[in-house]
Every structure is written in C-alpha cells, then in structure tokens.
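Listed here are the chains, written in short residue letters.
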Amino acid sequence: MGWQKKILRVNLTAGTAASEPLNMEWAHEYLGERGLATKYLYEEMDPTADPMGPDNILIFATGPLTGTMASTSGRYAVVTKGPLTHAIACSNSGGKFGAELKYAGYDLMIVEGRSPEPVYLHIVDDEVEILPAEEIWGTTVWHTEEHLKAKHQNPLLKVASIGVAGESGVRYACIVNDLHRAAGRSGVGAVMGSKNLKAVAVHGTRGVTVKDPKAFMQAVRETHAMLADNSGRKGLTELGTNDMIDSMQEFGGLPTENFHKVQFDGVGKINPGAMQATGPEGHRNLITNKACFGCTIACGRIAHINKTHFTIVNRPEYRHASGGLEYETAYAFGPLLCIDDIDALTYAAFVSNEHGYDPISFGGTLAAAMELYEMGVIGKDDTDGVELKFGNAEALTIMAEKTGKYEGFGKILGLGSKLMCEKYGHPEIAMHVKGQEFAGYDSRALQGMGLGFVTSNRGACHLKHDVFAEDMEDQTGKGKAKPCKDSQDKIAMIDSTGLCLFTTCAWDVPEFRRQIAAACEGDDWTEERLIEIGERVWNVERMYNLKAGLTAADDTLPQRLLEDPAPSGTAKGKVSDLPQMLPEYYEYRGWTSDGEPTTQTLQRLGLK
Amino acid sequence: MQKSLLIDPAKCTSCLQCEMACSLEHTGAFNPARSRIKIFEFEHGAQAIPYTCTQCAEAWCLHACPVEALTRNPETGAVELNESTCVGCKVCTVACPFGTINYVPETGKVAKCDLCGGDPKCAEACPTDAIVYVDAGWTGYDRMRDWAVRTHAEPRT
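The text that follows walks through the structure, step by step, so that each part is easy to find. (Residues numbered from 1 in each chain as written. Chains lettered and ligands numbered in written order. Predicted model: local features only at pLDDT ≥ 70, side-chain atom pairs only at ≥ 80, totals over all residues. Heavy atoms only, no water.)

### A word on the sheet that holds strand β6 (residues 108–112) of chain A
Residue and element names in this part refer to chain A.
No. 1: As summarised here, the arrangement of the six strands in space is β2-β1-β6-β3-β4-β5, forming an open sheet in which the pairing is mixed. The open sheet is flanked by β2 (16–21) and β5 (88–93), the only strands paired with a single partner. On average, each strand axis in the sheet is inclined to that of its neighbour by 15 degrees, with strand direction left out of account.
No. 2: Both strand β1 (residues 6–11) and β6 contribute to a ladder of five bridges, which runs parallel. Looking across to β6, one finds that isoleucine 7 is bridged to leucine 108.
No. 3: In this fold helix α2 (residues 33–44) packs onto β1, β3 (58–62), β4 (76–81), β5 and β6, with an angle of close to 25 degrees to the strand it touches most, β4. (Pairing = 2+ DSSP bridges. Helix = DSSP H or I, 4+ residues; strand = E, 2+ residues; numbered from the N terminus. Axes fitted to C-alpha atoms, helices over the stretch in contact; angles between N-to-C directions. Contact = heavy atoms within 4.5 Å.)

### Section: a nonpolar patch on the surface
Residues and elements named next belong to chain B.
No. 1: Nonpolar side chains collect at one region of the surface, where Phe40, Phe42, Tyr51, Trp60 and Phe98 lie side by side and expose about 520 Å² of accessible area between them.
No. 2: Within the secondary structure, phenylalanine 42 sits in strand β2 (residues 38–42).
No. 3: For phenylalanine 42, a relative accessible area of 41% puts it in the partly exposed group. (Patch = residues over 30% accessible without salt bridge, like charges linked within 9 Å, V, L, I, M, F, W, Y side chains within 5 Å. Areas by Shrake-Rupley, 256 points an atom, 1.4 Å probe, with all protein chains shown as cover. Salt bridge = Lys/Arg side-chain N within 4 Å of Asp/Glu carboxyl O. Buried < 20%, exposed > 50% of the residue type's maximum accessible area, 1.4 Å probe, protein only.)

### What to know about the pairing of β4(A)
Residues and elements named next belong to chain A.
No. 1: Burial of β4 is extensive: six of the six residues sit out of reach of the surface.
No. 2: Strand direction decides the pairing type here: β3 and β4, joined by four bridges, are antiparallel. In the sheet register, phenylalanine 60 faces β4, and the bridge partner there is valine 78.
No. 3: Examined bridge by bridge, β4 and β5 share six bridges and lie antiparallel to one another. Bridge assignment links alanine 77 to a residue of β5, and that residue is asparagine 92.

### Quick word on the packing of helix α17 (residues 447–455) of chain A against helix α19 (residues 481–494) of chain A
Residue and element names in this part refer to chain A.
No. 1: Direction vectors running N to C along α17 and α19 enclose 50 degrees, while the axes themselves pass 9 Å from each other. With respect to their mutual orientation, α17 and α19 come out oblique. Relative to α19, the crossing made by α17 is right-handed. Two secondary-structure elements touch here, α17 through Gly448, Leu451, Gly452 and Thr455 and α19 through Ala481, Cys484 and Gln488.
No. 2: Looking at the contact of α17 with α19 residue by residue, the classes come out as three nonpolar, four polar and no charged. (Parallel < 35°, antiparallel > 145°, perpendicular 65-115°, else oblique. Left-handed = near helix turned anticlockwise from the far one by under 90°. Nonpolar A, V, L, I, M, F, W, Y, C, P; charged D, E, K, R; others polar.)

### A word on the side chain of Arg9(A)
Residue and element names in this part refer to chain A.
No. 1: Here arginine 9 is to be found in strand β1.
No. 2: In this structure the side chain of arginine 9 is engaged in a polar contact, spanning 2.5 Å, whose partner is the side chain of glutamate 112.
No. 3: The contact partners of arginine 9, leaving out residues within four places of it in the chain, are Thr16, Ala17, Ala18, Glu20, Glu44, Ile110 and Glu112. (Polar contact = N/O pair within 3.5 Å; in protein donor to acceptor, adjacent residues only side chain to side chain.)

### What to know about helix α9 (residues 244–251) of chain A
Residues and elements named next belong to chain A.
No. 1: By the burial criterion, the buried members of α9 are Ile245, Met248, Gln249 and Phe251.
No. 2: On its buried side, α9 packs onto α10 (272–276), α11 (327–333) and α18 (468–473).
No. 3: In the stretch just after α9, glycine 252 is the one whose phi turns positive, near 85 degrees.

### Digging into the packing of α2(A) against helix α21 (residues 527–548) of chain A
Residues and elements named next belong to chain A.
No. 1: α21 packs onto α2 with a crossing angle of 35 degrees between their chain directions and a minimal axis gap of 10 Å. For the pair α2 and α21, the crossing hand works out as left-handed. Contacts between α2 and α21 pair Arg34, Gly35, Thr38, Leu41 and Tyr42 from the former with Val537, Trp538, Val540, Glu541, Met543, Tyr544 and Lys547 from the latter.
No. 2: Grouping the constituent residues of the contact of α2 with α21 by class yields seven nonpolar, two polar and three charged.

### Considering the nonpolar core
No. 1: By size, the foremost hydrophobic cluster in this structure holds 95 residues, and its most contacted members are Phe362(A), Leu388(A), Phe409(A), Met420(A) and Phe438(A).
No. 2: When residues in this core are grouped by element, the largest group, nine residues, is from helix α13 (residues 359–375) of chain A.
No. 3: With 90 residues, the next largest nonpolar core counts Trp26(A), Ala61(A), Tyr103(A) and Cys53(B) among its residues. (Core = buried A, V, L, I, M, F, W, Y, C linked by side-chain atoms within 4.5 Å.)

### Quick look at the environment of Cys65(B)
All names here are of chain B.
No. 1: Note that cysteine 65 resides in the loop between α2 (60–64) and β4 (70–72).
No. 2: On the basis of relative accessibility, which here comes to 14%, the residue cysteine 65 falls in the buried class.
No. 3: Separated by 13 residues in the primary sequence, cysteine 65 and alanine 78 place their C-alpha atoms 16 Å from one another.

### Quick look at the interface of chain B and chain A
No. 1: Taken together, the contact pairs 24 residues of chain B with 40 residues of chain A.
No. 2: Carbon and sulfur atoms supply 63% of the area that chain B and chain A bury against each other, a total of about 2,200 Å² over both sides.
No. 3: Of all residues in chain B, Gln17(B), Phe30(B) and His44(B) bury the most surface against chain A, accounting for 32% of the area lost on that side.
No. 4: Linking chain B with chain A are three salt bridges, by the criterion used here.
No. 5: Here Glu41(B) and Lys290(A) are joined by a salt bridge, their closest N and O atoms 3.2 Å apart.
No. 6: Along the contact surface separating chain B from chain A lie twelve residue pairs in polar contact (both at pLDDT 80 or more). (Buried area = accessible area lost by both parts, 1.4 Å probe.)

Pasting the structure below:
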C-alpha cells in the first residue's frame, strides 16, 4: 500500500537481475525516493569507492506516492556517489519514467557492478532483460528513446537514458527521461555510463494501490483544489520557473559574468515575456506548457527555435519543438555568460537534453573558461579556434555541441569548473561548492541561500532548502541558520514522498502528512514523524559524505563571494556572512564545530 | 439529458490524471496501462491529445458482439460491457474503427469507456478542463460562441 514492497536488483558484472522484498523497516524510517535510496546507498556501498568504478551503486527510487493521483506524483530520484563532488549525489526527475517503474512493480532499482559491454535494461513488469546496446551506444538520448520504442514495438515504453556525455564521463552528465526531463545534477549520468548502461526502458501494468482509497481521494481532491487556487501555482503554470529571472534581476541576486556582477542588462530578451512575444518574423519561442506525470501545475515549457537563427538555419532536424528554457538554464546560458540571444539559449538547452548533461554545471564551467580566456590563460589554440568571450552566443552553441559529443575543448569543459580551473592553475575562478557549480542565486544577495549552497550534501544546489522569504526580507546572515536547517529537513521529507517540491507554493507539512497517512500502512503518521524522517535523511547523507572523506573545510564558498562585495542591487557592498552563519547552523543541527553529528543527535534520530 | 465527453486537446498538459482516475474507477488501482482514455503526445510534447470512445450511435462494437455482451445504457447513451457475458472473442476490437475498445489479457475480457455510469472520473480529474462532460446535443456550443463573438457588431442604439 503506497509501496510496492519490492526492489529490482541488477548486477551488471554478473549479468543478473532479480527482485527482492523491500526492507519495510527502512521504508517506515525513510519513506522512499531520496530517503530510502540514501539508506540503501549508505548500507550497501563503501563511501570511499571510486564513483566511476564498479563498486559504486546506482539507485533509481520512487516514493510511496509516486504513481498515485496526488498532484506531481511522477517523481523519482537517482542516488549514487557523484563524480563531480565525490559526495552523495541525489538528483530527482519528473516526466513519466518514475511512475512507470513503480507500475512495473518496483519501489527501487539498484544497479551494481559494471557490464563488460554496453547494455540496456528492458523491463516489462516481472520480465527483466539485460540486452546489448551496441546499436545505440554513441547515439543521443532522443535517438535512443525512439529506437527502443520501435525495436520493442512498444510505444508505451518509458525510457531513461544517457547520451555521449554520460558514456564519456562528462562529470555533470545527467540521466534524461521522456526526452527532456532529467535527473540532472551531480553527474549521475556519468555513473550510469561508467557501468556501460545506456538506457532503462520500462513498461508497467501492475498499478499502484493505497491503504485507504476513500480518504486518499478526499485528500487528493482538497490538495488539488489548494493548488488550483494558489497564485504561486498560477505563476508557475503561466510563466514557468523562468519568472524568477525578473525577480533576481530586480533584487540584484542574478549571477552574471561568472559572478563578477549580480544583474544583467539583457534579461528582457530572455525572460518569460520574451519567450511569449511574437517577433517581427512571426516567430514565438514558447509553444505551450507541459506537465510531468500526475502534475496539476505544469511548469514545463515547450519551445522552438526561430528557423532563421544561425544555429539551425541549415539544420531542419532542430526545427521541432522540445523542452524550452527554465530558470536555471536561462540563467546559466544567459546572464552567467552575458548572452541575451533567446534562440541560442534555447538551442543550447535542446542540445543539453539531446546529449544528456546538466546545463547549470555546463554554464558554470563555460563561464569559468570564458574568464580564463579573457584573462589570457587560455587562447584559441586551446578552444579549437573559438573566441571564448563573454557575450559570444556562437561560442555557447559550439561548446554545447562539443561537450555533448565529447569533442575538442568540450572534453576539457566536461571536467567541470573545479578540475578545469585547477588544470589551468586558477582554482579561484571556479564558482562551485564541493565541485558542483551554483544555481542562479548570488550568495551575497541571498544569504540563507548561500548557507544552503554550502551545506547541501550534493554540493551547490538550490533545491534542498528554502530560505527565500527570509532572504527577501533581510539581506544579512542573521537568523538564517534556523530556517535553512528546518527547510532542509522538510524538503528531504518531501523528496522522499514521490512528489515535487513545487507543490509547496500551496502545501505545507499537513498536506503531505494527510496524503502519506491515507496511502501508507501504519497509523502513526504525524507531522513530527515526517519532519524527523527528513532530518534523519539529511544526517545520513552527511555521515555518508564524512565517511567519503569530506570535512567541514568543504563547507565553504569561493573567495569571490566571501571577499568581493556585490557591485549593485539590494545587497550592494555586501559579501556572504557565511563565517557567522555556519557555526550557528552546525549548532542548530546538533553537530560539533567540525560539522559532525553528535552522538546525542544520532541517538535522537535512531542512527546510533 | 444525455451528456457527452468534450475534449479540447489545446488545454491538455499530458498530466495523465485522467488515466489514473479511469483506472482507479474500473480496476481499484492507479494504473494507466488499464485506462480506457489515453493521452497521445506528439512532437516532444508540443501536442497532447486525449482520446477515448465516442459512444457511436450505430456502434460497430455492439453490432459485432456475438453474445450481446455490449448493450446501450439508455440514460447515459454509453455502450456498456457486461463482463460476465463477454467471452473475450475480440471481434468488437476488430470492428471498432477507432481502436477504443481493447482486450485486457489480465481479465480475458474487453474493456471500453462506459462514462462511469454518467459520472466520468476523467472529466472530474482533469485539472485544465481539457475533458469536460456536457450536453450531448451541444458539444459545439463553446466553439460556436467563439465564432459568434467574431461576428459581433456594435449594439443597436
């Protein structure tokens, strides 16, 4: 009930696939998705192992509400050790793949070992085949999905796959499902590639049931109505996540020119207004919005590129519609690189989906490369003759292709900003936490966000905490530790349900509790218990990272955000207050001053 | 008054709430594989089109059934299946020009949309009104009004 109570365990070294019962004790302590997968990773894998080696394990995990009529029920998470950060990687995705895996009868799929040859998994309920992937190895995500549906004569297959980026070990390669949704961050696609696993194609007919259908449907009707009436939800539906670009511009928190600036003059050319405007040639970037599985928000953007644009003028194969600009992509290809060409941005977004890599980390790495180029550290000899200057839209589109195809300077960009800048002797240019590039929020203007970036267990990430309201009200670090920690725990719980974080525009813990309580066995689903699950998940992630060799020294920001004041905007003249916030955060978490959970904290969470 | 499902693909976001609602009503589980209404996506999701049985007045499936397992519900206008009579011969699936009646291997019977006895769950679940349940004689009403407004002239004074 809620859970399918079954795991699919695939060992690619041995070439075996078998199901086993889900550990229900763990399910009650960690729910599902992010939390439950974290527990399995922590128990089954040596955290010191090479993330790209056969000893790493790759877990696809659904939650107890995945595949139900709860709004946004399409989420699944991929949990593994990440090659970008050498820390725990946890990336979740929407689309339709996650629900399909659950319908096939599995809460989790654990992939172990490494296949001697490229393979893909074909799963139809209990029938699981490990099949040769030589026909699709070296091809794109888009081709792979089309090929597998045709080969198996099954248009109902849902496919999650990697492109050449993942096959080649681009450290921020992602796993793309349903053409343009992705478990995007921390290089989970590179891990999949290291296992010689090209794709997972699944069709499920088993269905999902809940404990108390009547109570569950009552909760579903009411929580759907809350979303329907909510103004934040309406904004996401009508404008998409890129609405944020105008807010960040106005606030002065929009990282620009590799964090030298916090505002970008070209925002009006790449914001939702620009996406919805009809140009002089009659072209409109945005076609429609689109939902992931079960989602009543539908923030996804479907767009197309102006057919006269230089990127596709002679390439009709890119004239179709596909996943368009969301905020993070718009930021990482736009302001961060000082590019305001909406068609170039949309093209690069298509290419990042087609070849399977994270646009945030790619944009962050390209921004660092542009700075190295402008400093004269690298030149045209390094960049395959491309003038890698800020503002050069063509450079973005060329490097997007090269990285996706793992060619030329794209191989260097595939290292991520940290390793690339170390290679060229300028580690200070790389804007990252724990090796992972920043999402589109400046830590000097949004202090709590900065603390969240620093303490996120997968490196700089905007999705693991929510201190937004507090940051908007007050541009100092004062009082940010508590909302940062509290929201991290809450979101760790939400990420373990199978639902999407964006529902929090209208819902809070009681709404999640109500749906979990009606769906999952057991009668003691209190709000306190759910929050404790979130805190438990957070601490297990932290313990994993400590065992992997990370320390409090990794909980820091680049020098640029700690020493160079924001040049404009609301936080003009400010640097990050991290030195004040971090000790307060550790204390509030019940951790030592070295950032380690105390025995008392571990005991309280049942971890010792 | 007989009612009919009215589908507007332009409003569909492909969330599949309808498929889950349909399968819950008919099988007791959330299971799009068993839904009688299906969403079809084209061009990377630029178009999403719901499709299901239109309850033909002269229903090919009903006429083809050799055991009279398919009958018309006079109240709703739906062609309904009597599962205990159905022998799973699948002749109706051959007869239907639209593909909206299908064999279900798990049950050994066919399945088709029955308008949930007059309370279609797909329409209830649709968050964008891409699927609504309206007067069967006036499914064109809104479109007619949209065209009417284009001919709108200034009111007479």
